[in-house]
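# Fold and contact review
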2 protein chains.
Amino acid sequence: MSSNRIARAAAFLSFVSLPLAAANADEGMWTIDAFPAAKMKAAYGWAPDQAWLDKVRGAAVRLTGGCSASFVSPDGLILTNHHCVAGCTEDNSTDANNLLKTGYTAVSRERELKCAGQQAEVVTSIADVTPRVKAAIGAAKGEAAVKARSAVIADIEKAGCAETATTRCQVVSLYGGGQYKLYTYRKYSDVRLVWTPEAQAAQFGGDPDNFNFPRYSMDASFLRAYENGKPVATPQHLKWAARAPIDGEATFVVGNPGSTARLQTQAQLAFQREVALPITLATFSEYRGRLITAMAQSPERHREAFETLGGIENSLKVQIGRVKALGDPAFTGKLAAAEADLQRRTLTAGSANPWTEVDAAMRAYRNFYIARRFSTPSGDLFGYAMTLVRAAAERTKPNADRYPGYSDSSLPLVEKRLLDERPITPWLDQLTMDWSLSKSREYLGADDPQTKLLLGKESPEALAARLVGGTKLADPAVRKTLWDGGQAAIAASTDPMIVYARTLDANDRGLQKRFDAEVDGPLTAAQAKLADARFAAYGATQYPDATFTLRVSYGKVAGWMERGQMVPTRTVLAGTFDRATGADPFDLPPAFIANRAKIDGRATYDFVTTNDIIGGNSGSPVIDKSGAVIGAAFDGNINSLGGNYGYDGTINRTVAVSTDAIQQALEHIYPAPALVAELRGR
Amino acid sequence: MSSNRIARAAAFLSFVSLPLAAANADEGMWTIDAFPAAKMKAAYGWAPDQAWLDKVRGAAVRLTGGCSASFVSPDGLILTNHHCVAGCTEDNSTDANNLLKTGYTAVSRERELKCAGQQAEVVTSIADVTPRVKAAIGAAKGEAAVKARSAVIADIEKAGCAETATTRCQVVSLYGGGQYKLYTYRKYSDVRLVWTPEAQAAQFGGDPDNFNFPRYSMDASFLRAYENGKPVATPQHLKWAARAPIDGEATFVVGNPGSTARLQTQAQLAFQREVALPITLATFSEYRGRLITAMAQSPERHREAFETLGGIENSLKVQIGRVKALGDPAFTGKLAAAEADLQRRTLTAGSANPWTEVDAAMRAYRNFYIARRFSTPSGDLFGYAMTLVRAAAERTKPNADRYPGYSDSSLPLVEKRLLDERPITPWLDQLTMDWSLSKSREYLGADDPQTKLLLGKESPEALAARLVGGTKLADPAVRKTLWDGGQAAIAASTDPMIVYARTLDANDRGLQKRFDAEVDGPLTAAQAKLADARFAAYGATQYPDATFTLRVSYGKVAGWMERGQMVPTRTVLAGTFDRATGADPFDLPPAFIANRAKIDGRATYDFVTTNDIIGGNSGSPVIDKSGAVIGAAFDGNINSLGGNYGYDGTINRTVAVSTDAIQQALEHIYPAPALVAELRGR
């Protein structure tokens, strides 16, 4: 845990991954180079061709902050969610000028606001590098296998993107090690805020309405990609269709689902249920409580932690949904049956059994999971320090030998995130560090050597106060000096946070080494065999688990049955006024009140589709058959909260804000005539 | 949840309840009228006779605040834990005179401090009323069965204790409905604080050390029972033996374990694992976080919420232990095997199957558990209001027809708790109410009718602020007027908290009715059959689940193997100084520092025994073969955290503070010469 922005991106979900279940016709987060056109055509009578997919790929944007998005004008204009830009909005706010509260419309391009740490990326090519990676791993096992894999991937990435100012190469492991693909991106590392509504409009209903439907949320915003101080040209963009969705029409969600665990074995799910999830539930809930009380102390604190709390609450809801899903025998029974089916088709007397290899790895991980989870504290400032300490050491090594995340292909984004100027909120960093250190002590135990390493003889409160109070790392110039100074500067630094990170470094590396040897290495080998087994048993009907890389989901605009009642496909703008109670979080956004007479109450506000998405998909365009954008996905319904493990098309739904509503907002609620003209292509 | 003192009493624990497991020789929380003397004699070569047990029964004290204790002098002196009197100590503190910080020694009996709401109770007789209760239930089912049972119990209790000023009658349901016993108590409703050490000494190591061993905790205090303004005579008291325990010696813990679920079926455990525990984990953790941040705002707030936080952290640790136990297939497998064994011995083709009846009841409960759990908010002031509203209505009804907890035999303690003067901390009550209302909304959903009933159009924050700010119920005179005024006064009241409680009353009663009909009634019937089946299969080798009534556990002073190392049976006072870091919660108590030279560092501080205890046992005397007290139980080791479901004698341990250490404290650390003389019987 190295950032208090633990959960910047909303996590969206869905239900059951049975390979044979006909009910789950719309299931799947498909890679764009393996779209199941035949399957979709059989169900819908139509499917996109390669040209359609290529066009969409060129307009689909990954935001490195953890979201998805799309280009919607030739001038680099990007549609995404409000909650994906809330961090940037908060960073650009002051007590006197709280943009989360007021919303923001750049009156001219000069007034578009830089988003620190944010980068927009578009996939330009995908190449299969499986043979090369597998050959490099060869017969190596455990830590050696992990090292061989890291080395060859570092090589491939470096060779693929010689020019790192505008391109980025990333080898993605699909099917947990069954396939390796090289994704090449055009990257835009200057991203600016163009338009964002009041948080009150985007988060109307707040945590109570999150992952529920009907929703009344204007969870949309616009960014713009810049290069050399100018908007970039983006001829490949989606057409803006400011219209209501039609019940039953086909929809595509194109974005970057973050991660799923649908191909995990029973042993891996048991690990989650028995070991990891209960810790997450308790620790995140406590953090939430600490934040709520701290924020009630003043309007400034409320503003400063607003987005952190929102992220935690969203994440917590996802985790609670996971606990519920993995605690439901009806749900887990289906997963177990799918595993048994594959075993029946695969295992023969005397054959290697990849499931027992996974079992062994998960058993091994139980012995040091808590140590690894609680090896370093959370907090932005500590995160800077750890990055500086580690990067200084890694940059002296050959590219192939480096710690995960510090290869040449990764360093530009590491450096950007480290050096971009953004405000640090010391009290929040201190609260976060205090909380995470006290949780380390709680789960490790007061007598554990790692607790002693983390705390010495100090209390979590005192240590956090001393480090946050004493460090100069909030200043980007200080970080730059340390980054440029390399090993010598780090070794000579007396900054208390740097000193502290140096203290923790060796132990953390030791845990990573153990993880590579006992967990990652064996798991990757076993999962590669499981992937082969699945292809042999079911053919190419399987999509890989999500990896925060580009995926396409197809589906349709459709409601669902809830307690015997059909939930309609959409809400309309007028509904906001009916739902308002006047009390937070159901208080009307001021701009809605002020412009009520102008708003077309019949315009579709939010709507639901059967698309299969999850966290990371936030901001993804919802696209119609013609390739035009008709909404931005921002949530899932409550039934989708087990989506990490499986999808059930009868009840899992994506929730999107419609272009119809966004257009109303741009015309009448938060008027932005230049933006409207740009979207209309005038 | 009707009090913010949710977890006043520490909850202690232990592991596996297999009827046939020889390893668990010391297992059992036995009723004092069914002590397994033969079994103990077989294992220990000695067992207490009836005279021994009767003598101990007459000295064993139940504290209605949720703890256990014992008389240790002829003048009503009571030994219990510091954490059992922390609420009283806090109530008697001010910012200028914080007794939790300084400790307290009454320099004379006149200076002993009243403990609001506290009552001491000693069992005087136990009578079997099973035939009468079962006959009254007869063939009734569901809600009718519950009503018939309540009515006959109300009758029995009223008839048994005509004089309610000094006696109390309580019919206890054992084996979940298999047996009914009438317990008659001598009660003492004026209990005062005599001696308590610094909280820092009692809670040295704080939450990190809780449920761990080695411990260095002076978790002891003395109270005194009064009547008519004078100390009561207690000729039946335990002899004070200020000595170190001897490794291997037999020990008895005599006290009131609160509740266990060792006889629950797989369906009941699944309900806990899948439904109840995850909610507890998340909501209590958030409450903890809210408290931690609020307490950091000022020393006053730290003092005012210190004990509430301690209770929540203790309770949370217990719940985390339960989650872990029920998530561990090795542990739950044993429970399932025990159930299967009983089914094999019991079920024949065509016979009634009580397990399926339990299954049906738990399935039914899933439909409204969240509604029932979140039907009213937490908070002392709301608790007062709900009690007033309900008691006014119930007192107009015949004794046999009343809502649970309002029968004639229950009313004296209800009234005492309501009318005793104690300080209310408005900010804490408001925080608690805000938290619990926001959790109601979260789990019920914003659109649920019960959420609308609870909140109307207000936010949890605003509603809590309005009610706590507007009510006059903090004043005991106001409560007394409303209590005495009965139905008319309640109906006429405009106190916002009373108005609010009136609003919620009908819905809450409806849920109770549904619970009686669909859960309690069917469960009681099924559990009675299960109890009969167990007696038929295993004979009288089974103790009932804990019910916060008097139980005896036998065991011995013994360490255990932890990761291949034997944990010694005890710590010594000198160890506190070695463990101290100077940082909270490992900072030395000032009185320890000041008196270090006088303290005998070799004196046994805390020690462990194999006794089988759980929450509610806090403060129980640890008694040797001679019937003398050698310690006060206050904690369990980490392995005991699954003790709600089962006991494993190889690793589960009770942790007690020794009389050896308490004597050192009374002589040298917090000198109390009069108390020492009284304990010595001089």
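When helices and strands are counted, chain A shows 24 helices and 22 strands. Taken over the C-alpha trace, chain A has a radius of gyration of 24 Å; the compact-globule value for 682 residues is 26 Å, and the two agree within 12%. Counting only C-alpha atoms, chain A reaches 65 × 65 × 50 Å along its principal axes. Expressed as a percentage of its 682 residues, the buried residues of chain A come to 63%. The contacts in chain A between residues at least 6 apart in sequence include a share of 80% that link residues at least 24 apart. Counting only carbon and sulfur atoms, one obtains 55% of the accessible surface of chain A, whose full area is about 23700 Å². With 76 positive and 73 negative side-chain charges, chain A shows a separation of 2 Å between the mean positions of the two kinds.

Right, let's get into the state of the cysteines. Scanning the entire structure with this criterion turns up six disulfides over all chains. At a sulfur-sulfur separation of 2.1 Å, the disulfide partner of Cys67(A) is Cys84(A). In this structure the cystine formed by Cys67(A) and Cys84(A) twists about its S-S bond by roughly -85°; its chirality is therefore left-handed. In this pair, Cys67(A) is assigned in strand S3 (residues 67–71) and Cys84(A) in helix H3 (residues 82–91), connecting sequence segments 17 residues apart. With respect to class, Cys67(A) is no different from Cys84(A); both count as buried. Note on cysteine connectivity: Cys88(B) is disulfide-linked to Cys115(B), with sulfurs 2.1 Å apart.

Bringing the interface of chain B and chain A into the picture now. Across the boundary between the two partners, chain B contributes 38 residues, which contact 38 residues of chain A. A combined buried area of about 3000 Å² lies between chain B and chain A, and 55% of that area is made up of carbon and sulfur atoms. Together, Glu274(B), Thr293(B) and Lys457(B) form the three largest contributors to the area buried by chain B at its contact with chain A, with a combined 15%. Our count for the chain B to chain A interface comes out at six salt bridges.

A few words now on the pattern of salt bridges. Residues and elements named next belong to chain A. Under the counting rule described, the total for this entry stands at 98 salt bridges over all chains. One salt bridge connects Asp341 with Arg344, and the closest N-O pair in it is separated by 2.9 Å. Placement of the pair is Asp341 and Arg344 together in helix H11 (residues 329–346), with a separation of three residues, close to one helical turn. Accessibility expressed as a relative area gives 14% for Asp341, which makes it buried. Arg344 sits in the exposed class, given a relative accessible area of 62%.

Each of the two copies of the chain can be brought onto the other by a rotation about an axis and a shift along it. When chain B is fitted to chain A, the best match, at an RMSD of 0.0 Å, comes from turning it 180° and sliding it 0.0 Å along the axis. The transformation relating the two chain copies, once decomposed into turn and shift, fits a two-fold axis. A share of 100% of interface residues in chain B that are also interface residues in chain A marks the association as one of identical surfaces.

Considering the arrangement of structural elements, one finds Arg288(A) in helix H9 (residues 266–295). Side chain to side chain, Arg288(A) and Asp207(A) meet in a polar contact 2.9 Å long. Non-local contacts of Arg288(A), meaning those with residues more than four positions away in its chain, are made with Asp207(A), Leu309(A), Ile312(A), Glu313(A), Leu316(A), Glu286(B), Lys439(B) and Glu442(B).

Time to look at the domain arrangement of chain A. Many structure descriptions define interface size as the accessible area lost when the parts assemble. Domain annotation for chain A reports domain 1 (3–119 + 189–260 + 546–679) and domain 2 (263–348). Here the C-alpha centre of domain 2 of chain A lies 23 Å away from the C-alpha centre of domain 1 of chain A.

Another aspect to go through is unusual backbone geometry. Pro214(A) follows Phe213(A) through a cis peptide bond whose omega is 5°. Locating Pro214(A) in the fold gives a position in the loop between helix H8 (206–209) and strand S11 (221–227). Even without being a glycine, Tyr175(B) presents a positive backbone phi close to 55°. You can see Tyr175(B) is positioned in the loop between strand S8 (167–174) and strand S9 (179–188).

This paragraph deals with the packing of H9(A) against H11(A). If you want to describe how two helices pack, look at the angle between their axes and the distance between the axes. Residue and element names in this part refer to chain A. One can describe the packing of H9 onto H11 by two numbers: an axis separation of 10 Å at closest approach and a directional angle of 155°. Judged by the inter-axis angle, H9 sits roughly antiparallel to H11. On H11, the residues that touch Gln266, Leu269 and Arg273 of H9 are Thr332, Leu335, Ala336 and Glu339. Classifying every residue of the contact of H9 with H11 gives three nonpolar, two polar and two charged.

What follows covers the confidence of the model for chain A. Detailed reading of the predicted coordinates is not advisable wherever pLDDT is low. Across chain A, pLDDT averages 94, with 96% of residues at or above 70. Listed scores for the predicted complex are pTM 0.94 and ipTM 0.92.

Let us now look at the pairing of strand S11 (residues 221–227) of chain B. All names here are of chain B. The element S11 is largely enclosed, with a buried count of six among its seven residues. Pairing of strand S4 (residues 77–80) with S11, which is carried by four bridges, proceeds in the antiparallel orientation. Across the sheet, the residue bridging to Leu79 is Phe222, located in S11. Of the strand pairs in this sheet, strand S10 (residues 190–196) and S11 are connected by five bridges, and their pairing is antiparallel. By the bridge assignment, Trp195 is partnered in S11 with Phe222. Note: S11 against strand S12 (residues 230–231), two bridges, orientation antiparallel. Bridge pairing links Tyr226 to Pro231 in S12. Hairpin connection, S11 to S12: the antiparallel pair is bridged by two residues, and Asn228 has positive phi, about 50°.

All names here are of chain A. Pairing analysis gives eight bridges linking strand S8 (residues 167–174) to strand S9 (residues 179–188), with the strands arranged antiparallel. Its bridge partner lying in S9, Val172 is registered against Lys181. What sits between the antiparallel neighbours S8 and S9 is a turn of four residues, in which Tyr175 has the positive phi angle 55°.

So, on to the side chain of Thr549(B). Residues and elements named next belong to chain B. Positionally, Thr549 belongs in the loop between helix H20 (496–538) and strand S15 (551–556). Separated by 2.7 Å, the side chains of Thr549 and Thr547 make a polar contact. Not counting chain neighbours up to four residues away, the residues in contact with Thr549 comprise Arg62, Val172, Tyr183, Tyr185, Gly255, Asn256 and Pro257.

All names here are of chain B. Put simply, helix H14 (residues 380–394) and helix H15 (residues 411–419) touch, their axes get as near as 10 Å, and they point 140° apart. Taken together, the axis directions place H14 and H15 in an arrangement best described as oblique. Our pair here, H14 against H15, has a crossing hand that is left-handed. The segment H14 lies against H15, with Tyr384, Thr387 and Leu388 engaging Val414, Arg417 and Leu418.

Enumeration over the complete set of coordinates arrives at 54 aromatic pairs over all chains. Pairing Trp46(A) with Phe252(A) gives two aromatic rings, centres 6.0 Å apart and planes at 70°, and the pair type is edge-to-face. Linking Trp46(A) in the loop between helix H1 (37–44) and helix H2 (50–59) with Phe252(A) in strand S14 (residues 250–255), this pair joins segments that are 206 residues apart in sequence. Judged by its relative accessible area of 0%, Phe252(A) is buried. Taking 6.3 Å as the distance between ring centres and 55° as the angle between the ring planes, the aromatic pair formed by Tyr403(B) and Tyr406(B) counts as tilted.

Reading the values: the criteria
- Residues numbered from 1 in each chain as written.
- Chains lettered and ligands numbered in written order.
- Predicted model: local features only at pLDDT ≥ 70, side-chain atom pairs only at ≥ 80, totals over all residues.
- Heavy atoms only, no water.
- Helix = DSSP H or I, 4+ residues; strand = E, 2+ residues; numbered from the N terminus.
- Rg over C-alpha atoms; globule rule 2.2 N^0.38 Å.
- Buried < 20%, exposed > 50% of the residue type's maximum accessible area, 1.4 Å probe, protein only.
- Contact = heavy atoms within 4.5 Å.
- Areas by Shrake-Rupley, 256 points an atom, 1.4 Å probe, with all protein chains shown as cover.
- Lys, Arg positive; Asp, Glu negative; His and termini not counted.
- Charge placed at Lys NZ, Arg CZ, Asp CG, Glu CD.
- Disulfide = S-S within 2.5 Å.
- Buried area = accessible area lost by both parts, 1.4 Å probe.
- Salt bridge = Lys/Arg side-chain N within 4 Å of Asp/Glu carboxyl O.
- Least-squares fit on C-alpha atoms with pLDDT ≥ 70 in both.
- Polar contact = N/O pair within 3.5 Å; in protein donor to acceptor, adjacent residues only side chain to side chain.
- Domains from an automatic or database assignment.
- Axes fitted to C-alpha atoms, helices over the stretch in contact; angles between N-to-C directions.
- Parallel < 35°, antiparallel > 145°, perpendicular 65-115°, else oblique.
- Nonpolar A, V, L, I, M, F, W, Y, C, P; charged D, E, K, R; others polar.
- pLDDT = per-residue confidence, 0-100.
- Pairing = 2+ DSSP bridges.
- Left-handed = near helix turned anticlockwise from the far one by under 90°.
- Phe/Tyr/Trp six-rings, centres within 6.5 Å; stacked < 30°, edge-to-face > 60°.

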